[in-house]
Amino acid sequence: MSKVAVIGAGAAGLIAAYFAAKNGNEVTVFEKNEKSGKKIYITGKGRCNVTHDCSPEEFLENVVSNPKFLTGAVYAFSPSKCVQFFEDGGLKLKLERGARYFPVSNKASDVTRCLENYCKNAGVTFNFGEKVLNISVLHSIMSDITTTKSKYYFNKAIVCTGGLSYPSTGSTGDGYEFAKAAGHKIVPLKQGLCGLNLKGDFYKSLQGLTLKNVNLSVYNGDKFVKSFFGEMLFTHFGISGPIVLSASSLINRLDLKQVKLILDFKPALNAEQLDKRLLRDFETYKNKAISNCLKELLPIALIPEVLKRSGIRPEIQVNSVTKAQRLSLLTTVKNFDMIVASLRDFSEAIITCGGVAVNEINPKTMESKLVKGLYFCGEVLDLDAFTGGYNLQIAFSTGYAAGNAIKD
């Protein structure tokens, strides 16, 4: 039997603690907050998108950083196994639009409660309000930890302290300091799944506008990177929403001066189909101003900016619009470009990208290759994925790998 310290009572920490205890180890969770799962409580707008309904192969296609490293862990504790785990623990889940799993209760607190119940039933001890200050290493072996209250001797320590995003939940980068002290390399940290500040000021008149079923394409210079289909919104700083959050995790390590975003307001229509639609609307509204003609095609708030970019005066009558102007309008609707100024701050980022370099971690067990008995799980590692429950699944899969590996 090992004495195991789990540092951090978040998604990764709770599941690691349970499986380590289930294997007969003596497990103590150290959490500097007054309760478990403070970040879980705010995920999915307080409802917690637990995981995604997909195969391990599909899951890995949505991992941005180091999917190969995750392969074994995701197959061992896959999204389907994760769903079964929670339902076996009494948490009923429902599948919603976009293949996302949420608690039937719509309460993120129920996810934390389920994990806590698993841990308590397995005999896990919780030390709340106790911050770990240092992990000691002797001859490349983890030996003891020092907290704000005492010094403890453990055979194993699992670091599940999260990243830098939402520091109000306790994610203040402690795990990176533990890793660096143990000799690990830290891949530069970047905001992930965050809103984007845009150049210019056109978005100010669009603040609050939500767009559904649009397509956002990311370009690095002239090179196409990836497209995202779904929902987004304009804000006081630029843009946000699901497809923007995912795009942010692709561009955060690029030179933003080279990044360009292209928005297609009508992805269901190709250029020829859209032109036919415009001609029909033009015929119907031929004696009206062009700004009135577009009300069935675009949200009203968008029309002034689209016309401005198309070089068409809003008061011009439809029957006076030239073919060149119509084609310019078509191009703008299908290719509305936006230039990124910067990422939103870590305080608004859902996840942290970067972290403990995974080439120094055993992918099967999450144990450090540099220090025996020291493990890293979840967001503290250089692992991240798109929005949709993928990042919580990373926490669960890596936590399972670490906890389940400690069997001696």
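Please read all numbers here as calculations on a predicted model, not as lab measurements. The written sequence of each chain sets the order in which its residues are numbered from 1. Where totals are concerned, whole chains, interfaces and linings use all residues; where local detail is concerned, this predicted model gives features only for residues with pLDDT of at least 70, and gives and counts side-chain atom pairs only at 80 or more. In computing side-chain properties, one takes all heavy atoms of the structure into account and sets aside hydrogens as well as water.

**Some remarks on the pattern of salt bridges**
This is how the line gets drawn: Between Lys or Arg on one side and Asp or Glu on the other, a salt bridge is scored when a side-chain nitrogen of the former is within 4 Å of a carboxyl oxygen of the latter.
Taken as a whole, this structure holds 17 salt bridges when the rule is applied. Measuring nitrogen to oxygen at the nearest pair gives 3.3 Å for the salt bridge that ties K94 to E96. The residue E283 makes a salt bridge to K286 at a minimum N-O spacing of 3.4 Å. Through salt bridges with shared partners, a single network forms among R47, K94 and E96.

**Topic: the packing of helix α8 (residues 271-284) against helix α11 (residues 323-334)**
Basically, it comes down to this: To get an axis, a line is fitted to the C-alpha atoms, and for a helix only the part in contact is used. The angle between two axes follows their N-to-C directions and goes from 0 to 180 degrees. Helix and strand labels come from DSSP, where a helix needs a run of H or I of at least four residues and a strand needs a run of E of at least two; each type is numbered from the N terminus. The scheme is simple: roughly parallel for angles under 35 degrees, roughly antiparallel for over 145, roughly perpendicular for 65 to 115, oblique for anything else. What makes a crossing left-handed is the near helix being turned counterclockwise from the far one by less than a right angle; a clockwise turn instead makes it right-handed. The criterion used for residue contact is that any of the two residues' heavy atoms lie within 4.5 Å.
Two elements in contact, α8 and α11, have axes whose closest approach is 10 Å; the angle formed by their N-to-C orientations is 125°. If you check the angle between α8 and α11, you find them oblique. Here α8 and α11 pass one another in a crossing that is right-handed. Every residue of α11 that contacts α8 at A271, L274, D275, L278, L279 and F282 is listed here: R326, L327, L329, L330, V333 and K334.

**Topic: the pairing of strand β18 (residues 336-343)**
Rule in force here: At least two DSSP bridges between two strands are required for those strands to pair.
Where strand β13 (residues 196-198) lies against β18, three bridges are found, and the strand directions are antiparallel. The residue bridging L196 from the neighbouring strand is L343, located in β18. In this structure, strand β17 (residues 259-264) lies alongside β18, joined through four bridges in antiparallel fashion. If you follow K260 over to β18, its bridge partner there is I339.

**As for the sheet that holds strand β5 (residues 93-96)**
Read across the open sheet, the three strands follow the order β3-β6-β5; overall the sheet is antiparallel. Each of the sheet's edge strands pairs with one partner strand only, and the pair in question is β3 (51-52) and β5. Of the strand pairs in this sheet, β3 and strand β6 (residues 100-103) are connected by two bridges, and their pairing is antiparallel. Across the sheet, H52 pairs through a bridge with R100, a residue of β6.

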